[in-house]
Each structure stands twice: as structure tokens, then as C-alpha cells.
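A look at the structure
Chain by chain, the residues run as shown.
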Amino acid sequence: MIKVEKLSHSFFVGKKNNRQEVSVLKDINLEVKEGEIVSIVGRSGSGKSTLLNLMSGYIKPTEGDIFIADERVTDYKESAWAEFRANHLGFIFQSFQLIPSMTAYQNIELPLVMKGVSEKEREKRVNEMLDKVGLKAFRDHYPSELSGGQQQRVSVARALIVQPPIILADEPTGSLDQETEKELLDFIQKLNKEENITFVIITHDEEVARIAERTIRLEDGRLAADREVAFR
Amino acid sequence: MKWKDRFQFIRQSMKKNKSRVFMTILATAIGCAFLIVLASVGFGAQKFIVNDIMQDRAITEVTVYGKQSMEEGESPEITKEDIETFESMENVKAVSHKIQLRTETDVLYDDYSGGSTISVVDFLSEKESGLNLSTGRMPQEENEVLIGYHLDQLLYKKSEEESEDQIFNQNGLVKEKYRMDEGLLNQTIEIEVEQYKGDEWETKTFPVEVVGVMEEPARDWQISNDVYISESVLTDIEAFTGTAYGATLHPDMKENEIETLQSEGQERVYSDVQVIAGNMEQVEKLSQNLKDEGYQIYSVTEELDQVNIVFAVIKIGLVIVGTIALLIASIGIYNTMSMAVTERTQDIGIMKAIGGHPKMIRSIFLMESGYIGLMGAFVGVVIAYLVSVGINMLLPLIIQQVFDQTLEEAIQLSYIPPYLALICVALSIGVAMLSGLKPAKKATRIDVLSALRRDV
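Residues numbered from 1 in each chain as written. Chains lettered and ligands numbered in written order. Predicted model: local features only at pLDDT ≥ 70, side-chain atom pairs only at ≥ 80, totals over all residues.

Okay, the overall build of chain A next. When its secondary structure is counted, chain A shows six helices and 10 strands. The proportion of buried residues among the 232 residues of chain A is 43%. Excluding contacts between residues fewer than 6 apart, the proportion of contacts in chain A whose partners are at least 24 apart in sequence is 69%. (Helix = DSSP H or I, 4+ residues; strand = E, 2+ residues; numbered from the N terminus. Buried ≥ 20, exposed ≤ 12 C-beta atoms within 10 Å, placed from the backbone. Contact = placed C-beta atoms within 7 Å.)

Have a look at this one:
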């Protein structure tokens, strides 16, 4: 589903005369199969967020190739990435990234609005999704009127609404308490089993990795370990 | 994203900062209203002058002065043959043509007399050309005539010893107390013609019957002392004078001059020839045809063309000045849109992160600025119409107060044609969208990661 080949990313710091290259990712090769839950773990600064940002198209690699859903996306321009993201990828962020001026309903509806889905169809799908994530009673609440767990569920619902085959999650439990974290992880597992959605989850919390079939460890921008978890 | 959703999206965004959007719309509205009112003064003045030009002349009239290009031996004057040519031309409704008497004549009625201008006309052609009567009917018999509206107000008793200054009022008409008691309609008047015959002046009068009085001239200052006679009366006059068109001979004239006056007139030449087109649209074509045929012509449309060119230049100038006001308003729109983009950076970042297309984001901001322009233009048009009505109502009062004069007819200083309002709406939307172009571009360039980290 996702294939990364010899992927490297670096950036420059300092002024013109004293520029220094900082290498964040070095020669990463990995493959994520359809229906897998893969967790990418590592300490802060190990390059895991950079890897996810490269897979999301938010930044461009210095070297190497990225293939997602059999498409080489490495050289995609911004508009091509926008279309690709809208059709193939769902995103869950640590800080939820909900639009504060929109209600829970409107936030979940947003990807469908941007895709030009009809109002009737949108209403049906968003209501179903609200039901699925248990937020029917909160449909007209603004993010500021929701708890952290509820906001993250809105975020998950927004990621799922376009039925993407892949969901990229960046520290999805980072802002949640233990109980809410468990609820979310169970929900992710359920989605993976029932709808065969592929998850790539970035986390520094080893606990989160318990739901993953594979855990990839990054250390100083290099792939340090890639192991399958026998029992989940 | 559907257009309806985009529109809903921008309305929702605008609601977040109502007062700022309101002020921007107000600035645009004032700019628009200024532009329209300024241009409307140009339109008003043009309308006033054009109406003035067309007041006393039919718009379908083409006056023919003479022939421009002639073959050898040909006269530059308009002859019967030319009139027939005009009548046979395409788009011609009628041809009005007159022969002016070449002598000074007096009109007599009882003891009253006064000067007049005698013309020979073809009454049928005149009727077709739009000659209107205030009373009476068109002549049918040879000795029946039409008179000008003011003729009976120009006759007075010569025997009275008052000087002309005492007899005539400031308008050039005979004062009430010196006028006849009754009108000339259905009365027999006499046309007095003088001629130098042998060694002395001889006078002869030609009685004719007044059957109709022509309409009052359109302009206040015009005085009509015309008498329209038939060709047979002219023939009688010519028989008396022995010259063509009743030309007067003088004792100091040379023989060859006298001979010329006596011998010409074999072929009638016409003055005051007007070719009347079927409608206004045909005037230009008809004018061109007449020019092509080698005639010297004049039509109101030619004068109107020149007036319209002058006013087009004036209006362009006024619109440019007005557009400057709109451009100033556009700075406000630019500012508002830049603020909107800055405030919504995170929202834009989120939208881009989950698949928002840069084109869609740009179009949303362009639509928002265009919407501000549209609202501003709409309000501006309403304000402009109100101001225009106000100006037109106040102007007569101001003229009355300052110049102590009452206007007989309403002067429309400000006139807003519907297309001016439409042009302003289009201009306003265009300028607003141009102002929103840079902020919209800025919105599409927002870096997703920076926006999500909230460090922009």
C-alpha cells in the first residue's frame, strides 16, 4: 500500500556563508501492506514525524521515492497532492486540527464539501459517521465545547468520512488521558478489522504500539528495527 | 467544491468579522456612488443638450444645400430633377422643398400690414414631411395659403404715428393694443409686390385666402411670419414682375443684370430642401447615399454624433475620476482580505492538509472579495440613485434662490442610464477581485506544516 525506497530528507541551517546541512532521514526503505497497522516509534528528533510528513506530501524528499496505492507520488506538485490526499488519505493529528468556527458536524462534513459531494449525500454520511463515533448528541457543538477525547473522535470521523484506504496518524493519543487513549486505540483496531483500513501511526508512546501488527523504530533518522508483533 | 458551498463558506467567514466587512462594503459603496453620480452629471448634460438639439428639428430630417460635385455647365442648385431623384431614393418618406420669393413683400389685411416671408411649397409634400397646423386645414385651391403662427401678431396700422419701437414689444411682436382684434384664418389677405417698371415703381396686390395657421415654432425666440403659397400664385407674381421668383429690379441695375433676372427661372431651383427618412435608423444610410450622389447635406444625426463624441470624452474623464474613488476603496478591500487570510491561516492549513485544492482556496478568497465588491456596488447604486433624485429636485430650488428665475421645464442635471449602473457593478466587482488577487495567492501559498504548528 505504501512503499518507501531509499528515502532521505535534509535541510539547511545557518546563513549563506555558513550553511550547514542537517540530515533528518537517511536511506529509509519500508513497505506497508494493505490492511496493516504499522506504528513508527522513536525518540524525539528521530525523524518519525518527518517520515509521516513526506508520506503526506507536506514536504518533499531530498532523495528516494515514495509510492502510495501503486502511484509514484514523489514528484507530485501541490495540486496533484491535494487531489491525492482528498481521495486516498485520512489524517489524524495530535492536536486534532479542527476548525474552531465550525461545529462538529461541519468539521466532519468539510472533506465532503471540498470534494463536491451533494448536500443530501453529505447529510446522510455525516450523520452515520456521528453515530459511529458516538457524537450524535454533539453535532452542533463547536470544538471549544468538546472534550479532548470528543475532539479527537471528530478528527477521526473527519478522516474516515471520505472512506480512505489509508489513515496517517501523528501522535493521535498525545493529547488524551489513558482511558480516552484506550477507547481511541480500540476504535482504530475495530476500523482496521471491519473496514480493512491501513493505519500508519506515529508515536513515541510504546503503549500505542500494542495495537500495531508491525512496529518500525527510527533512531537518528535511520531505520533501527522493523519487527512484527506476534500477539496483539 | 460546489459554487453554492463556496458561497455559503464565504458568508460564514464574513459573519465572523461583521464590522470590518461592513466598513469595507461601505467604502466600496461610497466609491461606487461617487463614480455613478459623477458620470450621471455627464449623462444628464448630454441628454439635456441632445434634447435641445432635437427639439425643433425632426431627427429624420436631412437638409440638402446643394450639389457638391457638378458636371460642366450644371448648376449647384437643387432642381426638380434632383427632387425626383430624392423621392426615388431608398428610405425616403418625403421631400420638403420650397421656392423663396426674391422680393420684399408686405401682407395687407384691412388697414393692417406687415412684412412676411413668402415661400412656394408643394402642400402634399409638406404634409408628408410632418408640417403641422395649429388651426385650419391644408390648402386645396390655388389661391389658398398657409400662414405662420405669428403673422397676425406682426400686422399693424401704418398710419399711426408711433415709431416701430413703440409698436413692437421686446419679443419683436406688435403690442397687444396695436394688434388686430381677430385672427387671419378664413380671411382674404393681400400680398403686395413692388416692381420698378419703366421709370417708376409699380405696386400690385395678390389676394389669397388663409385656410390654415402653422404650428408655433419650438423655440421661444423664433417668430414665424411665413406665408406658404402655391406655384400658381408665384406664376401670377412673376407675370407682374417680369422676373423669375418675383425678383425686384432696381433703377441702378445694369442691363445684363436685368436680363439675367428676366431670363432665368426656366427651370425651377429650390431652397430649403429637406429629405425625410422613414425612421431614425435610416438617416445615416440616407445621408451617406446623398453624399455619395454628390450633394451637400446636413442632418441632426451628424450634429448629434459630434455632441456624443464630446460627451463621450467628458464622461470617460468623469468615470476615470470616479474610478480613482473606487481604487481607493479597493485598498480597503485588499486590507480586509489580507487580514482575513492572516486570521484564517490555520483554517487554510487544515483544509490544505486534508485535501483542499489550492485553486479552490484561491477561488474562495477571490469570491469573497468579489462579493464585497458586489455588495458595495449594490449599495452604491442605491445611494447614487437617491443622490441623483436629490440633485434633480434641489437644482430648480437652488436656481430659483440664487438667480431668482423659475425654470419652465425640469432640468435633469443627473441622469443614470441603467447600463451605467451595470458598468459600475462590473467595475466594482472587477476592482474588488483584483484587490483580492494577492491575498488569495498568499492563501494558496500557506505552508501546511507551519499553519498546523500555528507558527505563522
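Next comes the rest of the description.
Residues and elements named next belong to chain B. Summarizing the sequence annotation, UniProt attributes the feature "transmembrane region" (unreviewed entry) to residues 309–334, 371–399 and 419–437 in the numbering used throughout. Counting secondary structure, residues 371–399 comes out at 100% helix and 0% strand; the distance between its end C-alpha atoms is 41 Å. When the span residues 419–437 is considered, its composition is 100% helix and 0% strand, and the gap between its end C-alpha atoms is 26 Å. (UniProt positions renumbered as here; feature names shortened; annotations may be inferred.)

Ranked by internal contacts, the top residues of the largest apolar core, which has 117 residues, are A:Ile108, A:Ala157, A:Phe199, A:Val200, B:Cys32, B:Leu35 and B:Ile36. Here this core takes 12 residues from helix H2 (residues 18–55) of chain B, the largest share from any one element. Those residues in contact with B:Ile36, other than ones at most four positions away along the chain, are B:Gly380, B:Val381, B:Ala384, B:Ile416, B:Leu420, B:Ala421 and B:Cys424. B:Val121, B:Leu146, B:Leu154 and B:Val275 belong to the second largest nonpolar core, which has 48 residues in total. (Core = buried A, V, L, I, M, F, W, Y, C linked by C-beta atoms within 7 Å.)

With that settled, consider helix H3 (residues 80–88) of chain B. All names here are of chain B. If you check which residues of H3 are buried, you get Asp 82, Ile 83 and Phe 86. Along H3, the residues classed as buried sweep out an arc of 100° about the axis, all on the same side. Of the residues in H3, the exposed ones pointing more than 90 degrees away from the buried face are Lys 80, Glu 81, Glu 84 and Ser 88. Those residues of H3 that are buried are in contact with strand E2 (78–79), strand E3 (92–100) and strand E12 (269–277). (Arc of directions from axis to C-beta.)

Before going further, it helps to examine the sheet that holds strand E4 (residues 63–68) of chain A. Each strand in a sheet pairs with another by means of backbone hydrogen bonds, the pair being arranged parallel or else antiparallel. Residues and elements named next belong to chain A. Within the open sheet, the four strands sit side by side as E2-E1-E4-E5. Their pairing is antiparallel. Each edge of the sheet is formed by a strand with only one pairing partner; in this case those strands are strand E2 (20–32) and strand E5 (71–72). Here five bridges tie strand E1 (residues 2–13) to E4, and the two strands are oriented antiparallel to one another. Across the sheet, Lys 3 pairs through a bridge with Phe 67, a residue of E4. (Pairing = 2+ DSSP bridges.)

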